[in-house]
Amino acid sequence: MFVSMEKTLRAAAWLACATVLGMIAIFLTTGVGQDPLQFVHPAAEYAEILLRNPAALRATIALDNAFIVFYATTFLALGTLLLRAGAARALVKACVGLMLALALLDMVENFHFMVMLARAEQGMLPSDLEIGAQVWESLFKFHTSYLALFLMGFALPRRTAGERALANLSLFLQLPVGILIYVAPPAIAFPLVFVRFTYFVSAL
């Protein structure tokens, strides 16, 4: 006997939601998160961000590593159920493929953060080239997710108010918010990060 795909979807989505809330809780209590590391800073400032609270940063990365597993499972299960329900095969396959690519990019990002933190603790500053490459990878990672979720908005059913809300948020909210985070002034971009978090949690 196997676990049903519906139960797999629910369990993975709730676990993913819990890890996101855990990361938010760490940020609210310590001020430490990964987001500052996804923007360009001078090497000394970047190292200071890494070393501000290594234990909290490692806890955040650990939760994010779990989040990767849970959201990848969520989208694999969701894709299977959408195909069973008759959703457009090309859209579903593209969405799931992009989310799996996102999971890979997310792991690369986290493992690099861990390496940079370990090096910073030994007095080795990240180079400007390394910082630039990391920020480029983070940008590519997030925009991969925006594309995947935008496609998901077209593939989702719209039978209930909740389904319509999720589809519309995926189409008309997460994409512009995600893009603005990286092109708007910091005073605007910072609160938009929390809008993105809120979308992820409500969607899950």
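Rules used in this analysis
- Residues numbered from 1 in each chain as written.
- Predicted model: local features only at pLDDT ≥ 70, side-chain atom pairs only at ≥ 80, totals over all residues.
- Heavy atoms only, no water.
- Helix = DSSP H or I, 4+ residues; strand = E, 2+ residues; numbered from the N terminus.
- Phe/Tyr/Trp six-rings, centres within 6.5 Å; stacked < 30°, edge-to-face > 60°.
- Buried < 20%, exposed > 50% of the residue type's maximum accessible area, 1.4 Å probe, protein only.
- Axes fitted to C-alpha atoms, helices over the stretch in contact; angles between N-to-C directions.
- Parallel < 35°, antiparallel > 145°, perpendicular 65-115°, else oblique.
- Contact = heavy atoms within 4.5 Å.
- Nonpolar A, V, L, I, M, F, W, Y, C, P; charged D, E, K, R; others polar.
- Patch = residues over 30% accessible without salt bridge, like charges linked within 9 Å, V, L, I, M, F, W, Y side chains within 5 Å.
- Areas by Shrake-Rupley, 256 points an atom, 1.4 Å probe, with all protein chains shown as cover.
- Salt bridge = Lys/Arg side-chain N within 4 Å of Asp/Glu carboxyl O.
- Arc of directions from axis to C-beta.
- Expected span 1.5 Å × (residues − 1).
- Core = buried A, V, L, I, M, F, W, Y, C linked by side-chain atoms within 4.5 Å.
- pLDDT = per-residue confidence, 0-100.
- Left-handed = near helix turned anticlockwise from the far one by under 90°.

(A) Geometry of the environment of valine 108. One can find valine 108 in helix α4 (residues 89-121). Along the primary structure valine 108 and valine 3 are separated by 105 residues, whereas in three dimensions their C-alpha atoms are 30 Å apart.

(B) A look at the packing of aromatic side chains. Evaluated as defined, the whole model comprises ten aromatic pairs. Measuring from centroid to centroid gives 5.9 Å for phenylalanine 142 and tyrosine 182, while their planes differ by 40°, and the two rings are tilted. One end of the pair, phenylalanine 142, is in helix α5 (residues 128-155); the other, tyrosine 182, is in the loop between α7 (174-181) and α8 (186-203), with 40 residues separating them in the sequence. When sorted by exposure, phenylalanine 142 lands in the same class as tyrosine 182, which is buried. Judged by centre distance (5.8 Å) and plane angle (55°), the ring pair of tyrosine 199 and phenylalanine 200 falls under tilted. In this pair, the class of tyrosine 199 matches that of phenylalanine 200, namely buried.

(C) Structural detail: the packing of helix α2 (residues 43-51) against α4. Remark: α2 packs on α4, axes separated minimally by 9 Å, with the N-to-C direction vectors making an angle of 100°. By the criterion of interaxial angle, the relationship of α2 to α4 is roughly perpendicular. From α2, Tyr46, Leu50 and Leu51 reach across to α4, where they touch Phe113, Met116, Leu117, Ala120 and Glu121. Of the residues belonging to the contact of α2 with α4, the class tally is seven nonpolar, no polar and one charged.

(D) Spatial organisation of a nonpolar patch on the surface. On the surface, Leu104, Met107, Val108, Phe111 and Met114 cluster together into a nonpolar patch covering about 440 Å² of accessible area. Tracing the backbone shows methionine 114 in helix α4.

(E) Structural context of α2. All of the buried residues in α2 are Ala43, Tyr46, Ala47, Ile49 and Leu50. For α2, the buried positions fall inside an angular range of 155° around the axis, keeping them on one side.

(F) Looking closely at α4. A rise of 1.5 Å per residue sets the reference length of α4, with its 33 residues, at 48 Å; its end C-alpha atoms lie 48 Å apart and thus fit the reference within 8%. Phi turns positive, to about 85°, at glycine 123, one or two residues after α4.

(G) Seen up close, the nonpolar core. In terms of nonpolar packing, the biggest core is built from 37 residues, with Tyr71, Phe75, Leu78, Leu82, Met99 and Met152 touching the most fellow members. Listed by contribution, the elements that provide at least two residues to this core are α1 (5-30), α3 (54-84), α4, α5, α7 and α8. With nine residues, the top contributor of residues to this core is α3. The contact partners of leucine 78, leaving out residues within four places of it in the chain, are Leu9, Met152 and Leu156.

(H) Focus on the confidence of the model for the protein chain. Taken over all residues, the pLDDT of the protein chain has a mean of 95, while the share at 70 or more is 100%. Considering each helix and strand of the protein chain separately, the mean pLDDT is smallest for α8, with a value of 89, and largest for α4, with 98.

(I) Quick peek at the packing of α1 against α8. α8 packs onto α1 with a crossing angle of 155° between their chain directions and a minimal axis gap of 9 Å. Considered as vectors, α1 and α8 are oriented roughly antiparallel to each other. Judged by the twist between their axes, the crossing of α1 over α8 is left-handed. Contact with α1, carried on its side by Cys17, Val20, Leu21, Ile24 and Phe27, involves Phe190, Phe194, Phe197 and Val201 of α8 and no other residues of that element. A breakdown of the residues in the contact of α1 with α8 according to their chemical character gives nine nonpolar, no polar and no charged.

(J) Main features of the pattern of salt bridges. Overall, the coordinates contain six salt bridges when judged by the stated rule. Between aspartate 35 and arginine 196 there is a salt bridge, and its shortest N-O distance comes to 3.2 Å. With aspartate 35 in the loop between α1 and α2 and arginine 196 in helix α8, this pair connects stretches of sequence that are 161 residues apart. A salt bridge links lysine 141 to glutamate 109; the shortest N-O distance between them is 2.7 Å. Taken together, the positions of lysine 141 in helix α5 and glutamate 109 in helix α4 put the pair 32 residues apart, joining distant regions of the chain. What emerges from the salt-bridge pattern is a single network uniting Asp106, Glu109 and Lys141.

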